[in-house]
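Structural overview
Single-letter residue listing:
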Amino acid sequence: IHQGNQQLRLSNNKILNFPLHLQNGVEVIYLRRGNTVLHYGGKKHLMEPGDLLIVFPSMVHGFTDSADTDSIMMLIPIDDTGSFRSFLERKEPASPILKKSVWAETGLDQILEMAYRDWSKSTVAVQQGYILLVLGKLIPLLSLTDRTPGSGDALHKAMTYLHEHYTEPITR
C-alpha cells in the first residue's frame, strides 16, 4: 500500500510488472509499446500500445505479463490534484483503460511526451500545470460511477480495509 508521503513522479517504465497495490493518489499510464495485463476490479484487462490508463485513489490494481513495454507513468499525490480532488475521491471509472480511438484527438500523447521531456527541469508550478491539463482532458472521456463503500471482490474489500485502518493499533 502506498500512503502518506507519495511523491509526485513522472517516469518511463520499460516493464510494467507490479503486484496488486493501491495508493492515495492518481496513476496515469500511457502505454507506448508492448502489452501488459492490468488487474483491476477483480478482472484482467489487456493493455495494448496506445492505451491510456487512469487509476483513481484507493483503487486496487496491478500489472503482470509485461515484456518489452515502454510507458510513461505519472503518479500524482491526491494533494496535487487541485479542484479534481473531491471528484476523484467520490467517483470511479467504469473502465480505467481508454483506447487510442477514444482519446486520439485530445493531444494527450503529446502532452505526456512533453511533460516527460521537461519534467526534471520544470518548476513545481509547471508540473502542476501538466497535472491539471492531463486530468482536465482525460476525465471527461471516462464513463464514471459513484463509489460505493465496500464494493468489489473480497481482495478489494481486504485491501480497502487495510488502507483505511493500517495506522490503527492492533489491540485496544
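Residues numbered from 1 in each chain as written. Predicted model: local features only at pLDDT ≥ 70, side-chain atom pairs only at ≥ 80, totals over all residues. Heavy atoms only, no water.

Here's the deal with the overall build of the protein
Selection rule: A helix here means a DSSP run of H or I that spans at least four residues, while a strand means a run of E at least two residues long, and both kinds are numbered starting from the N terminus. Contacts between residues were defined by any pair of non-hydrogen atoms, one from each residue, lying within 4.5 Å. Per-residue and other accessible areas were derived by the Shrake-Rupley procedure at a 1.4 Å probe size, with only the shown protein chains allowed to occlude residues.
In terms of regular secondary structure, the protein is built from five helices and nine strands. Along the protein, from the amino end to the carboxyl end, the secondary structure elements read β-β-β-β-β-β-α-β-β-α-α-α-β-α. Residue pairs at least 24 apart in sequence account for 77% of intrachain contacts in the protein once pairs closer than 6 positions are excluded. Accessible area for the protein stands at about 9,000 Å²; split by element, carbon and sulfur atoms hold 54% of it.

Regarding the confidence of the model for the protein
Short version of the rule: Confidence of the predictor at the level of single residues is given by pLDDT, which spans 0 to 100.
Mean pLDDT over the protein stands at 86; residues scoring 70 or higher make up 85%. Long-range and interchain partners of residues 1-5, a stretch whose pLDDT sits below 50, account for 12 contacts in this model, where long-range means more than four residues apart.

Quick look at the nonpolar core
Stated formally: To qualify as a nonpolar core, a set must consist of buried Ala, Val, Leu, Ile, Met, Phe, Trp, Tyr and Cys residues joined through side-chain atoms within 4.5 Å. The buried label applies to any residue whose accessible area, calculated with a 1.4 Å probe on protein chains only, is under 20% of its type's maximum; exposed applies above 50%, and partly exposed to all values in between.
Among the nonpolar cores identified, the biggest contains 40 residues, and Val-28, Leu-52, Leu-53, Ile-54, Met-74, Leu-88 and Leu-135 are the most heavily contacted of them. For this core, the elements supplying multiple residues, two or more each, are strand 3 (25-40), strand 5 (52-55), strand 6 (61-77), strand 8 (97-98), helix 3 (108-118) and helix 4 (124-138). With seven residues, strand 3 is the largest single contributor of residues to this core. When neighbours within four sequence positions are excluded, Leu-88 is seen to be in contact with Val-26, Phe-56, Pro-57, Ile-78, Thr-81, Leu-135, Ile-139 and Arg-147.

Focus: the packing of aromatic side chains
One pair of aromatic rings is described through two measures. These are the centre distance and the angle between the planes. How we decide: Aromatic pairing here means that ring centres of Phe, Tyr or Trp (its six-membered ring) are within 6.5 Å. Orientation follows from the plane angle: under 30 degrees is stacked, over 60 is edge-to-face, and everything else is tilted.
With the rule as written, the count across this model stands at two aromatic pairs. Aromatic side chains Phe-18 and Phe-63 sit 6.2 Å apart centroid to centroid with 75 degrees between the ring planes, which places their arrangement in the edge-to-face category. Of the two residues, Phe-18 sits in strand 2 (residues 18-21) while Phe-63 sits in strand 6, which places them 45 residues apart along the sequence. Judged by its relative accessible area of 31%, Phe-18 falls in the partly exposed class. Residue Phe-63 is classed as buried on the basis of its relative accessible area of 1%. The interplanar angle of 85 degrees and the centroid separation of 5.6 Å between the aromatic rings of Tyr-30 and Trp-103 together place this pair among those described as edge-to-face. With Tyr-30 in strand 3 and Trp-103 in helix 2 (residues 100-103), this pair connects stretches of sequence that are 73 residues apart. For the residue pair Tyr-30 and Trp-103, the accessibility class agrees, reading buried in each case.

Considering helix 4
Heads up, the condition is: Expected span of a helix, by definition, is 1.5 Å for each gap between consecutive residues, and there is one gap fewer than residues. Taken from the helix axis, the directions to the C-beta atoms give the arc we talk about.
The first and last C-alpha atoms of helix 4 sit 21 Å apart over 15 residues, in line with the 21 Å expected at 1.5 Å per residue. Among all positions of helix 4, only Gln-127, Tyr-130, Ile-131, Val-134, Leu-135 and Leu-138 are buried. Down the axis of helix 4, the buried set is contained in an arc of 125 degrees. They therefore lie on one face. In this fold, the buried residues of helix 4 make contact with strand 3, strand 5, strand 6, helix 1 (85-90), strand 8 and helix 3.

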